[in-house]
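Tertiary structure, described
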Amino acid sequence: MPLPLRVEEAPSVTPSLSDVCRTVRGRHPQIGERPRGEGSLSPHVGNLSFLRTLSLGNNSFHGAIPQEVGRLSRLRYLYLYVNKFNKVIPTNISGCFNLEEIGLSNNELVGSIPKEISSLTKLNFLSLFNNKLTGGIPTILGNITSLELFSVRGNPLGGSFPNILSQWKNLREFYARGCNLTGTIPHEIGHLSRLTVLSLAINKFCWVIPTNLSGCSNLEELYLSHNELVGNIPKEISFLSKLTYFSLENNNLTGGIPPHLGNITSMEMFSLKGNPLLGGTIPDTLGLMESLKEIDFGGCNLYGTIPNSLYNLSLLVDISLADNQLTGGLYSAIGATLPNLVSFQLWGNKLSGPLPASISNCTSLKLLELAKNKFSGHLTVDFSNLTNMYIINIGGNLFGSKEADEISLLIL
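Residues numbered from 1 in each chain as written. Predicted model: local features only at pLDDT ≥ 70, side-chain atom pairs only at ≥ 80, totals over all residues. Heavy atoms only, no water.

**Details of the pattern of salt bridges**
- Per the stated rule, a full pass over the model turns up four salt bridges.
- The partner of E100 in a salt bridge is R76, and the shortest N-O contact between them spans 3.0 Å. Of this pair, E100 sits in the loop between β5 (84-85) and β6 (101-103) while R76 is found in the loop between β3 (60-63) and β4 (77-79), placing the two residues 24 residues apart along the sequence.
- On the accessibility criterion, R76 (33% relative accessible area) is partly exposed.
- Linking R172 and E148 is a salt bridge whose minimum nitrogen-to-oxygen distance equals 3.8 Å. With R172 in the loop between β8 (149-151) and β9 (173-175) and E148 in the loop between β7 (125-127) and β8, the pair connects residues that are 24 residues apart, well separated along the chain.
- Given the relative accessible area of 35%, R172 is considered partly exposed. (Salt bridge = Lys/Arg side-chain N within 4 Å of Asp/Glu carboxyl O. Helix = DSSP H or I, 4+ residues; strand = E, 2+ residues; numbered from the N terminus. Buried < 20%, exposed > 50% of the residue type's maximum accessible area, 1.4 Å probe, protein only.)

**Some remarks on the confidence of the model for the protein chain**
- For the protein chain, the mean per-residue pLDDT works out to 89, and 88% of the residues sit at or above 70.
- The model gives residues 1-34 a pLDDT under 50, and that stretch makes 55 contacts with residues more than four places away or in other chains.
- Under a pLDDT of 50 for its full length, residues 408-412 has, in the predicted model, eight contacts with residues more than four places off or in other chains. (pLDDT = per-residue confidence, 0-100. Contact = heavy atoms within 4.5 Å.)

**Considerations on the side chain of N324**
- With respect to the element layout, N324 can be found in the loop between β20 (318-320) and β21 (325-326).
- For N324, a relative accessible area of 2% translates into the label buried.
- A distance of 2.9 Å separates the side chain of N324 from the backbone nitrogen of N301, its partner in a polar contact. (Polar contact = N/O pair within 3.5 Å; in protein donor to acceptor, adjacent residues only side chain to side chain.)

**So, the sheet that holds β5**
- The sheet built from three strands is open, its strands ordered β1-β3-β5 with parallel pairing. The sheet is open, and its two borders are formed by β1 (38-40) and β5, each paired with just one other strand.
- Direction of pairing for β3 relative to β5: parallel, over a ladder of two bridges. Along β5, the bridge assignment pairs G63 with F85. (Pairing = 2+ DSSP bridges.)

Here it is, written out as structure tokens:
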């Protein structure tokens, strides 16, 4: 990894980097004045011909990135992230043919991603997220076979997914969240055996999830939420033995939850919420996900009972099974088996029976939402033990319908 800022200057006739950074139109600092890292970036930066690293991130530079940057043929690392650059990315950045990393994220850059970047054959890191770029992802970027990280999330790029993934054999992380991308997720994605992160959430992808995603054998994070995906959740995903975060929320998936997914024992977060056509029951095999901390199946039209195996996942922090058609009662020893529970949301189901008194032992609990069910009987939960609680909602049940209820709320 490069140093935060390394400057190898040319002979004394070349301006120093501090001079370049301090040169602001209409303002020249006094001798000894500390650079403020604001204003426009001087074109004199192009005279630093021995520069290997240019790191000006987290400042207030604005205007254009000077075309003269393209003269820095020895440059390997270019970091201009978190500034206010608001023009186009200079096309002659291709002149920096030794570039390995480009970080231009969190600016206000406009226009398209220059196709000239495709000539940077040593580039392994390209981060352009949170700008105002348009024009889609250029297909010619597939020529950068050295690329390991590609991030364009938070840009209104538009267009379909380009057919370039089969060329990015070294790709490890791909981020295109919130880019207004359309069409289908290409099957070529299954050829990326080194991929660890795939983030395609908040787009307009339609059709089915490619079954050959199982070819991404090193995948750890998979985010496909807030799209228009249809069809079944591929059972082949169960082969992704390293998967840790898996989000398919807010799509149009059907066919229920595949029992085989219980084989992914590395899973820590699993969200399917907002798939109202999913249907089916909660598989008992999900109790094999021994690393699970967060589960959200809200609004999936699930029915049947909550399997007891789910209560044995002692690392669970957040359980949301709200807005379904679940029936039956709650596990009586929930307080002993789920000691780390912080959020427990079961509202809008058809659950019945008493609330287990052992909930009193879930001392980390902050949110308890059990409204709009058919719970009844004595309220024997000692809420005075739950000192971290900030929301209790048990309205719309049958408490008090047959006998006097009891609720312990001691003021300490």
